[in-house]
Amino acid sequence: MRTITLVTQKGGAGKTTLATSLAIAAQQAGETVAAFDLDPQGSLVEWGRMRRKAEPSAVPQPHLPVVERFPPDRVGQMRKMLDSVAGKGVTLAILDTAGADNPTTRAAMDASTYCLVPIRPTRLDLLAVRATVQAIMHSGKPFAFVLNQCSTIPRNSRANDTATGLASIGFMAEPLILLRNDYQDAFAAGQGVTEYAPDGKAAEEVRQLWKWVSTQSETKV
Ligand SMILES: Nc1ncnc2c1ncn2[C@@H]1O[C@H](COP(=O)(O)OP(=O)(O)OP(=O)(O)O)[C@@H](O)[C@H]1O
Ligand SMILES: [Mg+2]
């Protein structure tokens, strides 16, 4: 089983948004997915709840992927929990962490096959990401940045400028993820963007992102 962890100490970068849409894209690509909410804020679990309540025509498999809260007081049992879901046939675990450095986030990094670090293309985010990179390097796990919420305005150079700033400290996942309503609307509907608007640009981005992440993390298993 592969374990992909969405991690960055910066709040609002898009960990939960990408966790949900990647979970669905991976499921559609044939993975058996379980997603775990390690953030006391509980946004991922709330998405799972909305999913189960959605119209069956909108969400044909409301119970999939499995979405569960992972309470901080069980941090010592994270590996046991992951081994247990792997034993039940889960092929991909996605861990959504809090926007803070804490023992649960560190345990998640340690248990990962691969870490994804969402980052918005701003100088503030670039400055803040260094602490997260240090923590991942301490865990020794491979990781990549996902530039998220990039401008849809043509010829806007911020994403490329940020990518250049990041290139010296880590890999860049492909493609860039743009700021699009589909990400917000899919979440509100308890869906991934590839369910919400399968022919949309956001869906295409996420399918490509899953392909990229899948290839990168496969070589690390
Ligand atoms: N690509 C995107 N396009 C449009 N909106 C986005 C995109 N990614 C994230 N958002 C929005 O940005 C906000 C923050 O996203 P999200 O909650 O996923 O970040 P987070 O990193 O999980 O935050 P936290 O650290 O608080 O858990 C949300 O309102 C979400 O809808
Ligand atoms: Mg979140």
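Just so it is clear, the model here is predicted, and its values are computed rather than measured.

The rules behind the values
Residues numbered from 1 in each chain as written. Chains lettered and ligands numbered in written order. Predicted model: local features only at pLDDT ≥ 70, side-chain atom pairs only at ≥ 80, totals over all residues. Helix = DSSP H or I, 4+ residues; strand = E, 2+ residues; numbered from the N terminus. Buried ≥ 20, exposed ≤ 12 C-beta atoms within 10 Å, placed from the backbone. Contact = placed C-beta atoms within 7 Å. Arc of directions from axis to C-beta.

Engineer: Account for the overall build of the protein, with residues named and values stated.
Structural biologist: For the protein, the count of helices and strands is 9 helices and 7 strands. Principal axes of the C-alpha set define a box for the protein whose edges measure 45 × 40 × 30 Å. In the protein, which comprises 221 residues, the proportion classed as buried is 44%.

Engineer: Any chance you could break down the environment of Leu-147 for me, citing the residues and the numbers?
Structural biologist: Tracing the backbone through its elements, the reader meets Leu-147 in strand S6 (residues 143-147). Judged by the 26 C-beta atoms lying within 10 Å of it, Leu-147 is buried. It is 7.7 Å that separates the C-alpha atoms of Leu-147 and Met-172, two residues lying 25 residues apart in sequence. Ignoring sequence-local partners within four residues, the contact set of Leu-147 consists of Ile-119, Pro-121, Ala-159, Thr-162, Ala-163, Met-172, Leu-176 and Ile-177.

Engineer: Which residues make up helix H7 (residues 181-188), and what values do they have?
Structural biologist: Of all the positions in H7, only Asp-182, Tyr-183, Ala-186 and Phe-187 are classed as buried. Projected down its long axis, H7 carries its buried residues within an arc of 130 degrees, all on one side. Within H7, the exposed residues directed more than 90 degrees away from the buried face are Asn-181 and Ala-188. Summarising the contacts, the buried residues of H7 are in contact with helix H1 (15-28), helix H2 (43-53), helix H8 (193-196) and helix H9 (201-218). Positive phi appears at Gly-190, one or two residues downstream of H7, with a value of about 70 degrees.

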